[in-house]
Structures are given as structure tokens and as C-alpha cells.
Amino acid sequence: MEGQYVLIGNSAAALAAIDAIRKFDGGGSIVLLNREHGPAYSRVALPYYVAGEMTLEDLLIRQRADYQRLGVELVEDASVVAVDAGAKQVVLADGRKLRFGKLLLGTGSGCSMPPISGLEAVPHHYLWTLDDAKGLRAAAQKARRAVLIGGGFIGMLAAEALRKLNLRLTIVEMASQLLPQLLDAEGGRRFSQAVAEAGVTLRLGATVAAVAANNGEITVTLEGGEALLADLLVVAAGVEPNVGFLRNGPCVVNRGVVVDEWLETDCADIFAAGDVAEVKDFLGGDRTIHAIWPAAVEQGRIAGANMAGQRLTYAGSLGMNVVTLFNLTLAQLGRFREAPGDEVQLLSNTAAAYRKVVVSADGGIAGAMYLGDENGVAEMGVINGLIKRRASWREFADYKLPRFTYATTIYGRGQHGPRPRPVR
């Protein structure tokens, strides 16, 4: 097998790269290697499937006809085990070799497995792939009590789904708050209160020492000796880039695959984008990975264009999240925790909403955070644009906010409230 363009991965980065390639090259052969089976789906929508609010068809963001229309050969159940940059070929787990002209590494990320005694021997679930969601949904329908290890973004998506299924849920989180990567201390306090009021038991600042199973019952033992009993165990202890098959390969790999401003690795004609790519941070210039859909789309678009002969540069990754969980809309943009020399502009600090902007020492906007209802995040879209233009705080302070909301541009509203709207 061979392809002028070979893409490893079947999510945001690879899909955006395909569209960009076709914009500049309508006839070059494209082969997409998908380690899963089937067309691309929305990962962020998986919790709605677990809760029974979406069907498998609802999850799809591409149909098989879309690949055919773009002249893409979709190779399914294709696990890549090695990349030979010199021979310009990838090696699959079944022994097949595929030559490429240009290669995109868009392998994304996978769930981390925490070092908990007994975990490998105890039935447990993740929520990252479609197969994970199918397994969790089936198990949750038979369960009454669940323990969730991890109170980060993926963990809270899973938590909301389990609560919708009326499971008695306990969350164990090492940090002193939920969503430590998305909220500051005050935001974390407010959100934790909302989750507790929804009937979830919280164990914050706690570490799981061991897990064990006996006759279908799972015992989760915390450091200090407290034992939690459950018949369903979910692990959401973070994600890490899928770079295992590249560790002994030709390209430089740190936490992720290192790329330059054109999203090309140090190996000629090999590019990387999305959760697997280690890129420049827009604000600080340090290398970072922001495992979020918008960053993956932008990186995929630029990488695809450059694979097709363009010379577009990537300005850097800016952290951003907007999500509605437990009837609260949460938004984070850029550096939302103030550093020495920063100034905090507190826009709201009421029972209904908590809004702040972080201003750097030079007067520029460094980040922002919001917690409240979905109508209160109109300014986040404005702030995003201002940060990208490296504008000053004063420019935002004098800005008249638009009448539409930032949340409703990326979230649809259905009978179950805001949820991700698949983009086809």
C-alpha cells in the first residue's frame, strides 16, 4: 500500500487536515489509518450516549460517504507500531507496510492508568473511546453504586452521565477541588458545592491506595484507611499523548511529538497535530499540549495545508474550554490563574456568577474564567479574539458586548439542556 498523503488518526486533527489538503490538492491520494472501527465520532458527546440521551448515529461527525466524496481511503482497525522515516513508510501491527509521501501523526491521546494496587485485576471502566462508552453504558445499567477516580474534565463528564442514570456516586480526587485544570480555587469551591448538592459524595484531597473485588463488589481503599464500596469503578485520572510507537523512532518526542512553527517534526515530510503534538504556547512561548478540540482543528488545518505545499505558520496554542456541567456553565481561557505581577479584574462575584479576567504586568489580557449560567459567557469570545491580537485590557473594558452568547455558538439546546452540536 501507499499514499501520497498518509494520516494516522481519525479525529479532529486528521479530519481538518484532510479538508486542507483537498483545498490545495484535489487529486493526491489520501490514506487514513484508523485504529478504531467506523467513521469519526464526537468524543465530547460520549457521556450523552452513556446517559441514554444520544444514539450511536447521533455521535457520528462523519459518514462513510464523506470519506468517499473526498477521495480518502479509510483503513480501519489499523494500529501503527512503527514509523520508518528513512524508507518513508509506516508499519502496522498485522505486518503490513504503507509508503507515504507526507505523513501526519494525529494519534491523539489515551487514558492514563494510575499506579493503584490491584487495579489491573479489578473490572474498571474509562470514558475516552466509543468502545469505552459502550462498555460503561452497559455496566452502568446494571449498577447501583459507583466510585469515580478523578475529578478532572473527563471525570466530570462521566460523573454527570452516571448521575443522570441515578447511580449513587462517590468521586475521589487528589486535588483539593474538582476540575483543578479548569477552575481556580473559588471556581472549584462553587462547582464542588453544586456537584455535592446534586447528590454526589466527594472525597477531595484524597488518594486511592488500593482496589479489590469480591463476589461482584468492589472495595476502594483510600490512603488513611477509609473503604468505599461499589459495583462499578470508573477511572478518569487524566490523559497522555499516544506516542508509545514513536518512543524509539526517528522523530524527537518529549511528552508529545515536538514540532516547529509549521507543525513539522524534525523528520522531513512528517507532521503532527492535535493531542499528540507538542507545540509552542501562545502566551508564554514554552512547549505545551492543549488537548482540546479547537486546537486540534486549527493545527490539523495548518499541517494539512503545509503537507500540500503551503507554508502556513502556527502562532501557538491557547488553552480554552467551555462546558456545561451540573447545570453550571464553566469557561476558561488562557492563563486564568494569576501569576506574580498579574492583576485580577473581578467582573462578577455573586451567587449567580463568578467572572474574572487576568491582566499581565504590561496591561495585556492573559486569561479569563467564568462560572454561572450559559448567558454569562458572551465576553469569552471577545476575550479570545483580543488575546489572539495581543490587545490590552482597556480595549476589552471599553467594549460593548454582543447580544449573542459565546456558549450558544458551540452548544445546541435540546430537551436535556445544552450539549455539543456535532459538526458535519
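Scroll up a little and you will see the structure.
Note that the coordinates shown come from a computational prediction; the quantities given were computed from them, not determined experimentally. (Residues numbered from 1 in each chain as written. Predicted model: local features only at pLDDT ≥ 70, side-chain atom pairs only at ≥ 80, totals over all residues. Heavy atoms only, no water.)

> Which residues make up the sheet that holds strand β16 (residues 257-258), and what are the values?
Within a beta sheet, neighbouring strands are joined by backbone hydrogen bonds and run either parallel or antiparallel to one another. With respect to topology, three strands assemble into an open sheet ordered β16-β18-β19, the strand pairing being mixed. The open sheet has two edge strands, β16 and β19 (287-288), and neither has a second partner. Inspection of the sheet shows β16 paired to strand β18 (residues 277-280) by two bridges, in the parallel sense. Opposite V257, over in β18, you have A277 as the bridge partner. (Pairing = 2+ DSSP bridges. Helix = DSSP H or I, 4+ residues; strand = E, 2+ residues; numbered from the N terminus.)

> So what's going on with the sheet that holds strand β13 (residues 227-230)? Residues and values would help.
What the three strands build is an open sheet, ordered β11-β12-β13; its pairing is antiparallel. Single-partner strands in this sheet number two, and they are β11 (208-214) and β13. Between one strand axis and the next, the sheet turns through 20° on average, direction left out of account. In this structure, strand β12 (residues 217-222) lies alongside β13, joined through four bridges in antiparallel fashion. Within the sheet, the bridge partner assigned to T221 lies in β13 and is A227. (Axes fitted to C-alpha atoms, helices over the stretch in contact; angles between N-to-C directions.)

> Residues and numbers for the pairing of strand β14 (residues 232-235), please.
Neither face of β14 is exposed, since L232 and V234 on one face and L233 and V235 on the opposite face are all buried. Here strand β8 (residues 145-149) pairs with β14 via four bridges, running parallel. Looking at β14, one finds that A146 is bridged to L232. (Buried < 20%, exposed > 50% of the residue type's maximum accessible area, 1.4 Å probe, protein only.)

> Tell me what's going on with the packing of aromatic side chains, and back it up with residues and numbers.
Tallying each qualifying case throughout the model produces two aromatic pairs. Where F191 meets F326, the ring centres are 6.2 Å apart and the plane angle is 75°; that geometry is what we call edge-to-face. With F191 in helix α7 (residues 185-197) and F326 in the loop between β20 (320-325) and β21 (328-334), this pair connects stretches of sequence that are 135 residues apart. Residue F191 is classed as buried on the basis of its relative accessible area, which comes to 0%. (Phe/Tyr/Trp six-rings, centres within 6.5 Å; stacked < 30°, edge-to-face > 60°.)

These figures come from the coordinates and say nothing about function on their own.
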